[in-house]
Structure formats: C-alpha cells, structure tokens
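Overview (structure and organization)
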Amino acid sequence: MMNREEIKKDLKKLLSEKRYEHTLGVEYTAACLAIRYGADMDKAALAGLLHDCAKYLSADDKIRYSKRFGMPISEYERKNPELLHAKLGACFAHAKYGVSDPEILSAITWHTTGKPNMSLMDKILYIADYIEPNRCQASNLKEVRALAFRDIDECLCLILKDSVKYLATKKSTIDPTTRKTWEYYKEFMMQMENHS
Ligand code: DGI
Ligand code: FE
Ligand code: FE
C-alpha cells in the first residue's frame, strides 16, 4: 500500500487546491469522529484522505473508467456522472493506492449517497465529508457539527434531510439510493423516538 505521504503527494498533483484542502479536512474530521465513537482512527483517516480521489476526472472519463473497472452504471448515474466519483474512488483506492480493507472501501463507495443500514465507518466518512472545517455552504452547519459529536444517527438524519431539501431547491433530482437512505433513516429515527 502507498503510505500517507505518497498518497498526499499524488492527490496534491491531481486535485484542485480547494479539493485538496477539503480532502485533508475530511481526513482529520473523520479521525476525530472515530475517536469519539470508538472506531479505528487510522482507517477513518485513510478513508477521508482517499474519498474524493476520483473527483478530478471529467464526466466522460468517470464513465470510461467505471466501464474499465467493470462497474455497473445505473441509468441515474449515466445522467449524473458526478455521482460515480464515489464508487470509482473505491476502485482507485484499491487498484492505485493498494487499499484492501473492506471497511474503508465501503465508506468511500457510499460517501455521496449513503445507503440504508450504514456501518459506523460509513457514517463517519459521510458526516466528515459534510462538516469538515472548509465547508461553509450548507444550512444548519453549526447545528449539524455539534450534533455530529453528540448523536451520530440524529446527525446523519439531519444531513440527509437537508441534502434532499437542497437538491430539490437546485431542481436536481434525487438519486434513488440517496432517497432510499433518507427513507430508511427517517423511519429509523421514528422507531427510536417511539422506544424512548
Ligand atoms: O464530493 P464532495 O463535493 O465532497 O461531496 P459529495 O461526495 O457528497 O458529492 C456532492 C456532489 O454529488 C454534488 O455535485 C451533488 C451530487 N449529488 C449528491 N447526491 C445527489 C447528487 N446529485 C444528484 N443529482 N442527486 C443526488 O441525490
Ligand atoms: Fe465526494
Ligand atoms: Fe468530499
């Protein structure tokens, strides 16, 4: 496997400066969340470092590389190739950077849409991507950041809710997986409330 310095050097070369700073922000934030929730800190940091490693590719190249890796492309992904950077990022993490840990690869795969019944590592990366210190656009960021260290599922649910709302205002459609994730966690939170 490539070591952290080598990975950083490669990413610095490929990503825009802003994307590179974001990447380091996610690396540290994922490590902090791992400390808070008792997950493996080094794995969380590595997932953070690599999560957007395929983001620099053009839309056409995202599709081209996805095919080369034998990745199935949904109809929705074909229309919104940007989404492919998550699954493709996991392919690159494995093939180019030598990461074979399934927890890390899963977290990278699902960091954009989430999925129903995410693992702790999946949640940590999904949340770190949204709250890292360089982020400034999302609504409720202050509340979401505080919640991230108080209740990971409630935080996840709030991010999903705000993301779905945001995509609606942008007149973007919502990826079927994003929708399934939101429906799953909305239901999950209702169950939690009923039992407390
Ligand atoms: O890669 P980042 O910018 O750090 O964050 P991300 O991996 O969450 O990706 C955000 C991008 O993905 C942004 O261009 C919006 C897009 N996206 C995420 N969920 C959906 C989506 N686009 C559509 N059309 N539908 C979605 O559900
Ligand atoms: Fe991303
Ligand atoms: Fe990101």
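Further up the page is the structure itself.
Counting starts from 1 at the beginning of each chain's written sequence and moves along it residue by residue. For naming, the first written chain is A and the first written ligand is 1, with later ones following in the order written. Owing to the predicted nature of the model, reporting of local features is limited to residues with pLDDT of at least 70; listing and counting of side-chain atom pairs is limited to 80 or more, with chain, interface and lining totals taken over all residues. Excluded from the side-chain calculation are hydrogens and water; included are all heavy atoms of the structure.

A short note on the coordination of the iron ion (ligand 2)
Selection rule: Only nitrogen, oxygen and sulfur atoms qualify as donors, provided they sit within 2.8 Å of the metal or within 3.2 Å for Na, K and Ca; with water excluded from the atoms, sites may seem incomplete. Secondary structure elements follow DSSP: runs of H or I of four or more residues count as helices, runs of E of two or more count as strands, with numbering from the N terminus. Only protein chains enter the accessibility calculation, which uses a 1.4 Å probe; a residue is then buried when its area is under 20% of its type maximum, exposed when over 50%, and partly exposed in between.
Coordination of the iron ion (ligand 2) by the protein comes from D52 (OD), H85 (NE2) and H111 (NE2), over a distance range of 2.1 to 2.2 Å. Mapping the donors of the iron ion (ligand 2) onto the primary sequence gives the spacing D-x32-H-x25-H. Between the iron ion (ligand 2) and the iron ion (ligand 3), a separation of 3.5 Å is found, and both are coordinated by D52. Placement of H85 in helix α6 (residues 84-95) and of H111 in the loop between α7 (102-109) and α8 (120-131) is noted, with a sequence separation of 26 residues between them. Note on H111: relative accessible area 2%, which makes it buried.

Some words on the pattern of salt bridges
Defined as follows: For this document, the term salt bridge refers to a Lys or Arg side-chain nitrogen within 4 Å of an Asp or Glu carboxyl oxygen.
Taken as a whole and judged by the stated rule, the model has 14 salt bridges. A salt bridge links E82 to K55; the shortest N-O distance between them is 2.8 Å. Taken as a pair, E82 in the loop between α5 (75-79) and α6 and K55 in the loop between α3 (41-50) and α4 (59-68) lie far apart in primary sequence, 27 residues in all. Judged by its relative accessible area of 37%, E82 falls in the partly exposed class. In this structure, a network of salt bridges that share partners links the residues R4, E5 and E27.

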